[in-house]
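As a plain string of letters, each chain reads:
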Amino acid sequence: MDVTSLGFQTDLMIRGLEGSEVIDHPDYVTVRSPANPEFWWGNFLLLPAQAADGPAAPWLERFHAEFPGAAHLALGLDGTGDPGTDLNGFAEAGLELNRDTVLTTQALREPARPNRDAVYRPLASDDDWQQAVELQATDDAADGSPASRTFVEARYAARRRATEAGHGAWFGAFRDGELVAQLGIFAAQGPLARYQDVGTHPAARRQGLAGTLVWRAGQYALDQLGARTLVILADPGEA
């Protein structure tokens, strides 16, 4: 399947770098993460844009055939335009439509108000990665979407494997040795680099930490990973 969305192109890239199975069929893509069955967007089907013009039932059946016994149902719809509001039956099947805005750039400027009172560096030690897990759990709870401990630990184990294989880095902002903000950035020997999961401790938000991390990690991707285009996903209401 020819994937047109830069968001999904880089999603598939990162899933592969993390060790997930990415299987390209003529009319859809299967992404499977056996090590983390709770990861919805590590276990999903990516459909072509024209799927929005047809019935939902065949795709629901395909998902259940690919993921028998799954406790979730996740379908991605490729494309760069607005697929509409009802998706010809997908909403009637009980699926919720979530849209992402894909932002790109080929150059970065230092933030207008960079935060200079933290230490910014890639995670390296066992303690660094454990702090990343704890920060993610804290952020999830503060935002009202707590995930299971098993899920979070599996996500960061996959991210650590990808960084240690040289595919990118997970950056942290530290104050007195405590991780207060984090994000990842990855590339796969091509022109695209993708940011992952910008997060800041609730007590450290609105202090310029995330913006400074985005800038520093982007420079790393351009200088060290050979990327030419940086990709990040945003909520349409915040883009």
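Along each chain, residues carry numbers from 1 onward, in the same order as the chain's sequence is written. At least 70 in pLDDT is required for a residue's local features to be given in this predicted model, at least 80 for side-chain atom pairs to be given and counted, and no such filter applies to totals for whole chains, interfaces and linings, which use all residues. Water and hydrogen atoms were dropped before computing side-chain values, which therefore reflect all heavy atoms in the structure.

Peer 1: Residue-level account of the nonpolar core, with values.
Peer 2: Core analysis: the biggest nonpolar cluster contains 21 residues, and A173, I185, L209 and L230 have the highest contact counts within it. The set of elements that each furnish at least two residues to this core consists of β7 (168-175), β8 (178-187), β9 (192-200) and α5 (209-224). Note on definitions: a residue-residue contact is assigned when non-hydrogen atoms from the two residues lie within 4.5 Å. The residues touching L230, leaving out its near neighbours within four places in the chain, are L103, T104, T105, L108, I185, A193, Y195, G218, A221 and L222. We call a set of buried Ala, Val, Leu, Ile, Met, Phe, Trp, Tyr and Cys residues a nonpolar core when their side-chain atoms join them within 4.5 Å. Each residue is assigned to one of three classes by its accessible area relative to the maximum for its type, calculated with a 1.4 Å probe on protein chains only: buried under 20%, partly exposed between the two thresholds, exposed over 50%. With 17 residues, the next largest nonpolar core counts L17, F151, Y156 and F174 among its residues. Helix and strand definitions here come from DSSP, where helices need a minimum of 4 consecutive H or I residues and strands a minimum of 2 consecutive E residues; each element is numbered from the N-terminal end.

Peer 1: Outline the packing of aromatic side chains, listing residues and values.
Peer 2: Any two of the Phe, Tyr and Trp rings considered here, Trp counted by its six-membered ring, make a pair once their centres fall within 6.5 Å; the pair's planes then place it as stacked at under 30 degrees, edge-to-face at over 60, or tilted in between. Under the counting rule described, the total for this entry stands at eight aromatic pairs. Seen in terms of ring centroids, Y28 and W59 are 6.0 Å apart; in terms of plane orientation they differ by 70°. Their pairing is edge-to-face. In this pair, Y28 is assigned in the loop between β1 (21-24) and β2 (29-32) and W59 in helix α2 (residues 57-66), connecting sequence segments 31 residues apart. Taken together, the ring pairs in this structure connect F8, W41 and F44 into an aromatic cluster.

Peer 1: Would you mind going over helix α3 (residues 126-142) in detail, with residue names and values included?
Peer 2: Spanning 17 residues, α3 covers 25 Å between terminal C-alpha atoms, matching the ideal 24 Å at 1.5 Å per step. Listed in full, the buried residues belonging to α3 are D128, W129, Q131, A132, V133, L135, Q136, D139 and D140. Summarising the contacts, the buried residues of α3 are in contact with β6 (119-122), α4 (149-164), β7, β8 and β9. Here the expected length of a helix is defined as 1.5 Å per residue gap, with one fewer gap than residues.

Peer 1: Go over the packing of helix α1 (residues 6-18) against α4, please, and point to the residues and values.
Peer 2: Each packed pair of helices is defined by two parameters, the angle between the axes and the distance between the axes. It is at 8 Å that the axes of α1 and α4 come closest, and there the two elements cross at 85°. Judged on the interaxial angle alone, α4 and α1 are roughly perpendicular. Contact with α1, carried on its side by R15, L17 and E18, involves R155, A158, R159, R161 and A162 of α4 and no other residues of that element. Partitioned by chemical class, the residues of the contact of α1 with α4 number three nonpolar, no polar and five charged. Each axis is a line fitted through C-alpha atoms, and for a helix only the stretch in contact is used; angles between axes span 0 to 180 degrees, taken between their N-to-C directions. In these notes the angle categories are as follows: under 35 degrees is roughly parallel, over 145 is roughly antiparallel, 65 to 115 is roughly perpendicular, and the rest is oblique. Note that Gly is not counted as nonpolar here; it falls among the polar residues with everything else outside the nonpolar set of Ala, Val, Leu, Ile, Met, Phe, Trp, Tyr, Cys and Pro and the charged set of Asp, Glu, Lys and Arg.

Peer 1: Go over the sheet that holds β9 with me, naming the residues and quoting the values.
Peer 2: Within the open sheet, the six strands sit side by side as β5-β10-β9-β8-β7-β6. Their pairing is mixed. Two strands lie at the open edges of the sheet, namely β5 (101-105) and β6, each paired on one side alone. On average, each strand axis in the sheet is tilted by 25° relative to the strand beside it, whichever way the strands run. Packing of α3 onto the sheet brings it into contact with β6, β7, β8 and β9, and relative to β8 it is tilted by some 100°. Against the sheet, α4 contacts β7, β8 and β9, and its axis sits at roughly 115° relative to β7. Pairing between strands is defined by DSSP: at least two bridges between the two strands are required.

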